Amino acid sequence: QVQLVESGGGLVQAGGSLRLSCAASGLTFSNYAMGWFRQAPGKEREFVAHISRSVVNRYYADSVKGRFAISRDNTKNTVYLQMNSLKREDTAVYYCARARYYSGGYYHPDEYDYWGQGTQVTVSS
């Protein structure tokens, strides 16, 4: 079965950096676009970043553009999220997700069919 396992979260001071990883198994990884979402307490899950299966296309939420970078290594079945210049408002549980095979979209959670368990990112001032 498909499994997505995130790692790399933690506590960091504002202005610092973290790199999240998401290791995928049980799928032909290179056939699927992947995304990152986050959810803060009391808020809905929101889109963060998306990368196409061929790495040609990358999309970001306006709130993270210029600070976060999504990448993937199809030889390692892993997608990454490099987060720089972190702010307190970036505090959330971060989830990676597999895009539906025929999905043409990337922004809404319904465009994704498998999710990891999440990793906590806490940014302190």
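Residues numbered from 1 in each chain as written. Predicted model: local features only at pLDDT ≥ 70, side-chain atom pairs only at ≥ 80, totals over all residues. Heavy atoms only, no water.

J.: Explanation requested: the state of the cysteines in the structure shown.
T.: Simply put, the disulfide is a covalent bond whose two ends are the sulfur atoms of two cysteines. In this structure the tally under the stated criterion is one disulfide. Each sulfur of the disulfide joining Cys22 and Cys96 lies 1.9 Å from the other. Since a negative S-S torsion denotes a left-handed disulfide, the Cys22-Cys96 link at about 45° is right-handed. With a gap of 74 residues between them, Cys22 in strand 3 (residues 18-25) and Cys96 in strand 9 (residues 92-99) connect regions that are remote in the sequence. (Disulfide = S-S within 2.5 Å. Helix = DSSP H or I, 4+ residues; strand = E, 2+ residues; numbered from the N terminus.)

J.: How should I be thinking about the side chain of Thr78 in this particular structure?
T.: Relative to the helices and strands, Thr78 resides in strand 8 (residues 78-83). Here Lys76 takes part through its backbone oxygen, which lies 2.8 Å from a polar atom of the side chain of Thr78. (Polar contact = N/O pair within 3.5 Å; in protein donor to acceptor, adjacent residues only side chain to side chain.)

J.: Explanation requested: the nonpolar core in the structure shown.
T.: The tendency in soluble globular proteins is for nonpolar side chains to be buried side by side. Grouped together as the largest cluster of nonpolar side chains are 34 residues, with contacts concentrated most on Trp36, Val48, Phe68, Val79, Leu81, Met83 and Tyr94. Taken together, the elements giving at least two residues each to this core come down to strand 3, strand 4 (34-39), strand 5 (46-51), strand 7 (68-73), strand 8, strand 9 and strand 11 (119-124). Counting residues per element, this core draws most heavily on strand 9, which supplies five residues. Setting aside its immediate chain neighbours within four residues, Met83 contacts Gly16, Ser17, Leu18, Leu20, Arg67, Phe68, Tyr94 and Val121. (Core = buried A, V, L, I, M, F, W, Y, C linked by side-chain atoms within 4.5 Å. Buried < 20%, exposed > 50% of the residue type's maximum accessible area, 1.4 Å probe, protein only. Contact = heavy atoms within 4.5 Å.)

J.: Can you help me understand unusual backbone geometry in this one?
T.: Trans peptide bonds make up the majority, and among non-glycine residues the majority have a negative phi. The phi angle at Val55 is positive, at roughly 70°, despite the residue not being glycine. Inspection of the secondary structure puts Val55 in the loop between strand 5 and strand 6 (58-60). Residue class for Val55 comes out partly exposed when judged on its relative accessible area of 26%. Of note in the backbone geometry, Ser85 takes a positive phi value of approximately 50° without being a glycine. Tracing the sequence through the fold places Ser85 in the loop between strand 8 and strand 9.

J.: How do you make sense of the layout of surface pockets when you look at a structure like this?
T.: One water molecule sets the probe size; rolling that probe over the atoms shows where empty space is left. Its boundaries defined by the atoms lining it, the largest pocket holds a volume of some 200 Å³. Lining the largest pocket are 14 residues, and of these Ala33, His50, Ser52, Ala99 and Ser103 sit closest to its centre. (1 Å grid on protein atoms, 1.4 Å probe; cavity = no way out; pocket = protein on both sides within 12 Å on 5 of 7 lines; lining within 4 Å. Points joined across faces, edges and corners; volume = space filled by probe spheres on them.)

J.: Just checking my understanding: could you explain the pattern of salt bridges for this structure?
T.: Side-chain pairing between opposite charges can occur once the charged atoms of the two side chains come close. Inspection of the entire model under this criterion finds five salt bridges. Between Arg67 and Asp90 there is a salt bridge, with the nearest N and O atoms lying 2.7 Å from each other. A residue pair is termed long-range when its members are at least 10 positions apart, and Arg67 in the loop between strand 6 and strand 7 and Asp90 in the loop between strand 8 and strand 9 qualify at 23 residues. A single burial state applies to Arg67 and to Asp90, both of which are buried. A cluster of three or more residues bridged by salt bridges with shared partners is formed by Arg38, Glu46, Arg67 and Asp90. (Salt bridge = Lys/Arg side-chain N within 4 Å of Asp/Glu carboxyl O.)

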